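Examination of the molecular architecture
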Amino acid sequence: MKAIRRFTVRPVLPEPLQPLSDLARNLRWSWHTETQNLFQAADPEGWRPADADPVRLLGAVSAGRLAELAGDQQFLRRLTEVSEDLREYLGGPRWYQNQLSQGAELPAAVAYFSPEFGVTAALPQYSGGLGILAGDHLKAASDLGVPLIGVGLLYRHGYFRQSLSRDGWQQEHYPVLDPNELPLTLVREADGTPSRVVLALPGGRSLYASIWQAQVGRVPLLLLDSDVEENAPGERDVTDRLYGGGSDHRLLQEMLLGIGGVRAVRTYCRLTGHAAPEVFHTNEGHAGFLGLERIRELSETGLDFDPALEVVRAGTVFTTHTPVPAGIDRFERQLVARHFGDDGELPGVGVDRILRLGMESYTGGEPGLFNMAVMGLRLAQRANGVSTLHGAVSREMFSGLWPGFDPTEVPITSVTNGVHAPTWVAPEVLRLGARKFGTERAENALAGAEVGETADVGRAGTPRRWDAVTNVPDREIWDLRRGLREQLVTEVRKRLYASWRRRGAGTAELGWIDDVLDPDVLTIGFARRVPSYKRLTLMLHDRDRLRELLLHPTHPIQIVVAGKAHPADDGGKRLVQELVRFSDDPRVRHRIVFLPDYGMGMAQKLYPGCDVWLNNPLRPLEACGTSGMKAALNGCLNLSVRDGWWDEWFEPDFGWAIPTADGSATNEERRDELEANALYSLIEERVAPRFYDRNDEDLPERWIEMVRRTLVTLGPKVLAGRMVREYVERLYAPAAQARKALDPAAARRLADWKSRIHAAWPQVAVDHVEASADTVVGGSAELGSTLALRVRIALGGLEPEDVEVQVVAGRVDSGDAIAEAQTFPLKPAGGHDLEDRWLYEGPLALDRTGPYGYTVRVLPSHPLLASNAELGLVAVPNAATSEDGGGVLLR
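Here's a quick rundown of the structure. Computed from a predicted model, the values in this text were never measured in an experiment. (Residues numbered from 1 in each chain as written. Predicted model: local features only at pLDDT ≥ 70, side-chain atom pairs only at ≥ 80, totals over all residues. Heavy atoms only, no water.)

A few words now on the pattern of salt bridges. Within the structure shown, the criterion is met by 62 salt bridges. Linking D585 and R547 is a salt bridge whose minimum nitrogen-to-oxygen distance equals 4.0 Å. Here R547 lies in helix α21 (residues 543-550) and D585 lies in the loop between α22 (570-583) and β17 (592-595), a separation of 38 residues in the sequence. Classification of R547 as buried rests on a relative accessible area of 17%. Connected through shared salt-bridge partners, R263, E293, R296, E300 and E345 make up one network. (Salt bridge = Lys/Arg side-chain N within 4 Å of Asp/Glu carboxyl O. Helix = DSSP H or I, 4+ residues; strand = E, 2+ residues; numbered from the N terminus. Buried < 20%, exposed > 50% of the residue type's maximum accessible area, 1.4 Å probe, protein only.)

And the structure:
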């Protein structure tokens, strides 16, 4: 029979055990080993590390066991120690507070918006790398003491759970999540009623959402939930699934995330006294509407749209994770227009102004579409990609927003992602570090927090606490790696058995699973989402050759594969089925397995247990690819295409780079063939032989040295602590300072100045360029000589302080394009003539040999611009500008 009402019965803890509730509700337990051990001691049978959840555990512990624990003095002493450690962690000064005490100008708070957060398997609100990265960002911010507020949505069905049919086809399941059974607390008003945010919808309807709070160490994470009684059935389902539904559904989700998210932050700060954010960080374009809500807020103070836009831009950071236009959310303009204006959200903010923010108004764009990433870039003064290569790809992809500038000058920088080591490093690795260097030093090294101390730096800039790994004996490293591999084998067999049972197999036909994988065989891992560009099945390109590698008589390999295809992606599901069918073959099924339902619980076993982490995307379509970082922190070597972070930090000490054919004129099938063959050859000729090359003590010395170098040199680079410090120093602090500089009067002046610049710019021109004739003779000049440049500029009514005149110079290619350009300012040399032309002069030192050239350009200049390219305006000479060619080639 079906219940007519559902509610949650909470456990009643004896008074001495009350601190357990606080420990369970703070997600620091998900990365704090001592807290995990405490809960395991409370109920050794109920605590399963792969899907541990203290909230559920406390709800399942019997009253008798609770009474027993309440009288167990040893357990209570441990409880007191862990509780005191959490209290100190939450209240004590961290890196951020130390920076403030040393005079650093940092924001009072930062709001961090993301459509998904992967904090722990106990809070399944993520689909893949974007969410895991967001979760690691919050954790690292907590470790560093950064006053961050996370903002997202609470999906009642999460993403989805994956299983396989008998023939290997992916099947999706959507279990209902009850927030009362999750590590969440409902945000309430002072009178106890649930807090609500409200969005106006067309036709006089409203979208209500409650606010749930997860506590991620020191960082509150606010999650908006539309499944409330005030909503009609359609509105209740807005937050049903992550990345589900059609365009209208997705638009409502993103409006709730952005607009509702700002309102949730205001509510939280009002109720708790938390400092109001000075910086808003948009993790991908999904939350881009947050800028519009902040413009609306400012408009209520009397600020017009343009100056309000300047204030919002100054305090906004936008991070793009997308290397291809197809990965960006785009909506029909009419759909967006219907949800705004007097009959929808943000009345008083002109719909045309909103639509122009997301318009693809560049060559090749589609003006009829509203592009969320384009809006994100226009609403943020600072933007970044998530690896050095991805920054370059992003500058190229979005260069249409800055016409006239080379892609290298597009104002999108990069902060390479990192991973939260305390979450992803196996306890066995942490214990080895604790034995060698002490528990506190080992934990601080993994957190990258450098709390209360000056960075202890050794050779080559490597922190000495990491350098100490060089003193760990080979035998200990190898025994550790072998033990982790053995744990993975046990985990794989358990999961594979459960998967086959769900596929309909009987117990009698599954005896072969006892022999799946071997703890002494080279183990390769491959796990990620399954879009086509990640090439799940590249390894299957030559199946006979793969079988030979799996079954090699002296150098065998074994492969563990996992991954989910999006529910609407039948192409991705076919790739999964293809891999599953190959792994079902009795000839190889003991050496290659596919594990369904890839998630954080599985990943935390998979990364440490693999010897090699495989990544073979189509370069350069992997924005970062942090799974290889997590593997590396456990001593796993990388075997990867040079894409994302691996392109930046690859060294032969850390693994192998798969050669790519991305620069050749090949079709996709030929490219896959070339790169698959390169992969097979690497494994056969270099990877496997090194793993099995043993000394007299049966130790692979060269392999162990690669593990050691991975931990010592690569480890500190891939930390989320390093990443968050970069965000603070390079993006958050400048954004906060820029925001503070824009009081209402300054914002109005800046908006007026920009309006004046845009109006005058069509008349700005480089009229004449000339250089000293005696320096260049016969088309060549001597190294070290100097050109004296004189340039006449038409400013169209602007003043010299409104612009910067530059000479751009460097080596040139056969088409006279300047590469590795350097810029030098030219100075005004006199007033303007009757035709409003100004004279500029300056020297150009010829400091490079070979083909050399220069040109001159005019850019807007203002002290409150983050870069001279910000407005996307530039004036350059035309073909008839100069007496000497105006940018002539100097040889």
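Counted by the stated rule, this structure contains 20 aromatic pairs. Taken together, the aromatic side chains of W478, W656, F691, Y692 and W703 make up a single cluster linked through ring pairs. For K630, the ring lying beneath its charged end belongs to W424, and the centroid distance is 4.7 Å. The ring centre of F691 lies 5.3 Å from the NZ or CZ of R694, which sits over that ring. (Phe/Tyr/Trp six-rings, centres within 6.5 Å; stacked < 30°, edge-to-face > 60°. Lys NZ or Arg CZ within 6 Å of the ring centre and 35° of its normal.)

Below, the discussion takes up the environment of R266. Relative to the assigned elements, R266 resides in helix α9 (residues 247-272). Contact partners of R266, with chain neighbours within four places excluded, come to P277, F280, R294 and E297. (Contact = heavy atoms within 4.5 Å.)

Here we take up the pairing of strand β25 (residues 837-845). Judged by which residues are buried, β25 turns out to be one-sided: W838, Y840, G842 and L844 face inward and are buried, whereas R837, L839, E841, P843 and A845, on the alternate face, are not. Alignment of strand β22 (residues 786-794) against β25, held across nine bridges, turns out to be antiparallel. Counted as the bridge partner of R792 is L839 from β25. Relative to β25, strand β24 (residues 822-830) is paired through three bridges, and the arrangement is antiparallel. Bridge pairing in β25 places K827 opposite E841. (Pairing = 2+ DSSP bridges.)

In this model helix α28 (residues 720-740) runs 28 Å from its N-terminal to its C-terminal C-alpha over 21 residues, within 8% of the 30 Å that 1.5 Å per residue would give. A bend of about 40° at V728 is the largest found in α28. (Expected span 1.5 Å × (residues − 1). Bend = angle between axes of the 7 residues up to and from the residue.)

Here the amide bond leading from R619 into P620 is cis, since omega sits at 5°, within 30 degrees of zero. By secondary structure assignment, the location of P620 is in the loop between β18 (612-615) and α24 (627-632). Phi at Y243 is positive, roughly 55°, even though this residue is not glycine. In this structure, Y243 sits in the loop between α8 (233-236) and α9. Judged by its relative accessible area of 17%, Y243 is buried. Its identity is not glycine, yet D597 carries a phi of approximately 65°, on the positive side. Among the structural elements, D597 can be located in the loop between β17 and α23 (600-609).

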